[in-house]
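Per-entry structural report
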Amino acid sequence: MKKRSISEALFDIMNYMFLGVLCFSMLYPMIYVIFASLSDPIKIMAYRGPLLKPIDFSLKAYKLLLDYPMIWIGYRNTIIYVVLGTTINMLLTTIGGYVLSRKNLKLKNPIMFFIVFTMYFSGGMIPTYVVIESLGLVDTIWAMILPGAVSTMNLIIMRTGFQTVPESLEESARIDGANDWVILFKIMIPLTMPTIAVMILFYAVGHWNSFFNAILYLRKRELYPLQLVLREILIMSDTMYMQTGVSDAEDRLALTRLIKYAAIVVSTVPILCLYPFLQKYFVKGVLIGAIKE
Amino acid sequence: MKISNKTKVNFYDFIKDLKRNKNLYFMILPILLYYLVFHYIPMYGLQIAFKDFSPAKGIIGSPWVGLEKFKEFFVYDSFYVWRIIRNTILINVYDIVFGFPAPIIFALLLNEIKNSFYKRTLQTISYMPHFISTVVIVGIILDFFSRDGLVNYILKTLGIVKEPIAFMSEPGWFRPLYVGSGIWQNLGWGSIIYLAAISNIDSQLYEAAIIDGAGRLKQALYITLPGIMPTIIIMFILRVGSIMNVGFEKVFLMYNPLVYETADVISTYVYRKGLLEMDYGYGAAVGLFNSVVNFGFVILTNYISRKFTETSLW
């Protein structure tokens, strides 16, 4: 290979630096929030500018936040929605994906059209609300689970995943007397574990972060998911009830900010902890679902 | 994603198939039921856009009022109508112009990084914001862009501004913040699909190009970019196809009455009018208008793309 020219070397240096700075700008807000949440309330109030470490390490914000019962209620509800929701999602998505991946099904194309059409046209927010309401789902946990029980995109990805399993495996299983349920659970699912893992991740993260359905369909505070509690704290700055013992106005303001930082950390860390373990599957999962027929 | 290959199904074949594949049809039943109840019944429910809907009388029992709700919308509220249509389209146009190419450029630049450890580190970091919830993202934006927040501090320190900018209450800043934070959040995640497409390009093409004396820039322009063009086009059709659907969630969390002028979009308006003010028929009418225009966009972009590039969704 010929020697690299100067302009190419220059490009490399610029490129390495540019992407490094770019990715740092994605990471730094999280670092800042973590450092700030661990700082002393009064000191952080007076401090302006970037943080490179917590100022006078203090866990006061976490203590106030975790003393607030709504955080725990939100956490509990979100865990229920994630576990129950993802279970139902995966049952329907694997079964649906399996059926739609079978070649010999006469009605496959009409059914596909029936499903895919909903990606392009929908009744919209109000008629959907009317349906959910008339089914009696408003203010029940099912309003958080049933309206999104299947994601069309994920269903298509799953179907494509099953299509990659060699047909001969299915045939030999059939000769041994296996029916569709056995083939799905004993052959298909074990062979498509990476895709399944991605689906679980997508659905679980979706449930963890979702607040749209909660805004529309939930009035009872005891059903609120974590994200709605967070919205009260972060967007509406509603933290006063956590600071009943704090009298000074300046202190209150400082604590409000600090509690926000702590709330961000507490709600985001679980997802970010899960993420490195599943990251290796992303590319595969996204690729399978993307362009292939 | 193509769903063509039409096969003719006659009734006799169908009964035979139903018997042979009864297990499969039984399995798919709950999924069909889900789509029927949560997608098709709401489409049927769209008729309340033409009715004076009252929950007590139900969808069928409410009296027809024809185009009354649309008239209310387009004639009496025309000030709001044009504002929400303009805002919806402008936010999308900005997002397509700035947001759509960003992951492609990022993928191309990342592809030029040869140190695999560095490359993987960059990738890992760049996917991360995608997994942070919208509520948290908006919470961070509100904090960083507040009058005494980090961004104003940096701008002031660098001498770019003298007085802190009120980002969140200035209508002119809503779109840049919305689109910019969207790029920040989705740059890395969006690039996955392009990186995957790049890795599928035949490496012999590059070898041949090197022999012909092509430098890195020429390789990127004449091999990599054309190689991922089908992926780009599909993603573009999908993006343009959802031009009337701005993510309700982020606008809803980010906006406040001070910036309605530039921030209020169709879905947030539907929410306020339809659900908060309980005018279901009106909300459904605005929503129907939105769905129809959006559907038109999908058909149109798909048609144009099929005609000129031979790449299409169907």
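This is a predicted model, so every value here is computed, not measured.

Counting its secondary structure elements, chain B contains 17 helices and zero strands. Its C-alpha atoms give chain B a radius of gyration of 25 Å, more than 25% over the compact-globule value 20 Å for 314 residues. Along the first, second and third principal axes, the C-alpha atoms of chain B reach 70 × 70 × 35 Å. Considering chain B as a whole, with its 314 residues, one finds that 52% of them fall into the buried category. In the structure as shown, chain B presents an accessible area of about 15,500 Å², 66% of it carried by carbon and sulfur atoms. Averaging the coordinates of the 28 positive side-chain charges in chain B and doing the same for the 21 negative ones gives two points 7 Å apart.

The next point concerns the environment of B:A284. For B:A284, the location among the structural elements is in helix α17 (residues 280–309). Here B:A284 falls in the buried class, since its relative accessible area comes to 1%. Expressed as a C-alpha distance, the spacing of B:A284 and B:S62, which sit 222 residues apart in the sequence, is 14 Å. What B:A284 contacts, discounting residues up to four positions off in sequence, is A:I126, A:P127, B:L46, B:I48 and B:A49.

This part covers the packing of aromatic side chains. Residues and elements named next belong to chain B. Summed over the entire model, instances satisfying the criterion amount to 40 aromatic pairs over all chains. Their ring planes at 85° and their centres at 6.1 Å tell us that Y127 and W189 sit as a pair that is edge-to-face. Separated by 62 residues along the polypeptide, Y127 in helix α7 (residues 116–127) and W189 in helix α10 (residues 171–199) bring together distant segments of the chain. Residue classification places Y127 among the buried positions, given a relative accessible area of 1%. Centre to centre, the rings of F131 and W189 are 5.4 Å apart; their planes meet at 85°, and the pair counts as edge-to-face. Here W189 lies in helix α10 and F131 lies in the loop between α7 and α8 (134–144), a separation of 58 residues in the sequence. The exposure class of W189 is buried, given its relative accessible area of 16%. These aromatic residues form a ring-pair network of at least three members: F73, F74, F79, Y80, Y269, Y282 and F289. The ring of W64 has K51 lying over it, and the distance from NZ or CZ to the ring centre is 4.5 Å. Above the face of the Y282 ring, K273 is positioned so that its terminal group lies 5.7 Å from the ring centre.

At their nearest, the axes of helix α4 (residues 69–101) of chain A and helix α2 (residues 22–45) of chain B sit 9 Å apart, and the two run at 135° to each other. As judged from the angle between their axes, α4(A) and α2(B) are oblique. Between α4(A) and α2(B) the crossing geometry is left-handed. Seen from α4(A), the contacting residues are A:L92, A:I95, A:G96, A:Y98, A:V99 and A:L100; seen from α2(B), they are B:L24, B:M27, B:I28, B:P30 and B:I31. Across the contact of α4(A) with α2(B), the residue classes break down as ten nonpolar, one polar and no charged.

So, on to the UniProt feature "domain: ABC transmembrane type-1" (unreviewed entry) in chain B. As annotated in UniProt, the feature "domain: ABC transmembrane type-1" (unreviewed entry) corresponds to residues 85–301 of chain B in the numbering used here. For residues 85–301 of chain B, the helix share is 76%, the strand share is 0%, and the end-to-end C-alpha distance is 19 Å.

Here we come to the nonpolar core. A general feature of soluble globular proteins is that nonpolar side chains tend to end up buried together. Counting 191 residues, the largest nonpolar core has A:Y98 and B:F174 as its most contacted members. Not counting residues within four places of it along the chain, the set of residues in contact with B:F174 comprises B:I91, B:V251, B:M254, B:Y255, B:V259, B:T262 and B:A263.

The next thing to look at is a nonpolar patch on the surface. Together, A:L91, A:W181, A:F185, B:F26 and B:L29 line one region of the surface with nonpolar side chains, adding up to about 510 Å² of accessible area. Those elements giving two or more residues to the nonpolar patch turn out to be α9 (180–191) of chain A together with α2 of chain B. One can find B:F26 in helix α2. With a relative accessible area of 56%, B:F26 lands in the exposed category.

With that settled, consider the interface of chain B and chain A. Many structure descriptions define interface size as the accessible area lost when the parts assemble. With 97 residues of chain B in contact, the opposing surface of chain A contributes 101 residues. A buried area of about 9,200 Å², summed over both sides, lies between chain B and chain A, and 76% of it is on carbon and sulfur atoms. Across the contact surface, chain B and chain A share three salt bridges. We note a salt bridge from B:D143 to A:R257, for which the minimum N-O separation is 3.6 Å.

Criteria and thresholds
- Residues numbered from 1 in each chain as written.
- Chains lettered and ligands numbered in written order.
- Predicted model: local features only at pLDDT ≥ 70, side-chain atom pairs only at ≥ 80, totals over all residues.
- Heavy atoms only, no water.
- Helix = DSSP H or I, 4+ residues; strand = E, 2+ residues; numbered from the N terminus.
- Rg over C-alpha atoms; globule rule 2.2 N^0.38 Å.
- Buried < 20%, exposed > 50% of the residue type's maximum accessible area, 1.4 Å probe, protein only.
- Areas by Shrake-Rupley, 256 points an atom, 1.4 Å probe, with all protein chains shown as cover.
- Lys, Arg positive; Asp, Glu negative; His and termini not counted.
- Charge placed at Lys NZ, Arg CZ, Asp CG, Glu CD.
- Contact = heavy atoms within 4.5 Å.
- Phe/Tyr/Trp six-rings, centres within 6.5 Å; stacked < 30°, edge-to-face > 60°.
- Lys NZ or Arg CZ within 6 Å of the ring centre and 35° of its normal.
- Axes fitted to C-alpha atoms, helices over the stretch in contact; angles between N-to-C directions.
- Parallel < 35°, antiparallel > 145°, perpendicular 65-115°, else oblique.
- Left-handed = near helix turned anticlockwise from the far one by under 90°.
- Nonpolar A, V, L, I, M, F, W, Y, C, P; charged D, E, K, R; others polar.
- UniProt positions renumbered as here; feature names shortened; annotations may be inferred.
- Core = buried A, V, L, I, M, F, W, Y, C linked by side-chain atoms within 4.5 Å.
- Patch = residues over 30% accessible without salt bridge, like charges linked within 9 Å, V, L, I, M, F, W, Y side chains within 5 Å.
- Salt bridge = Lys/Arg side-chain N within 4 Å of Asp/Glu carboxyl O.
- Buried area = accessible area lost by both parts, 1.4 Å probe.

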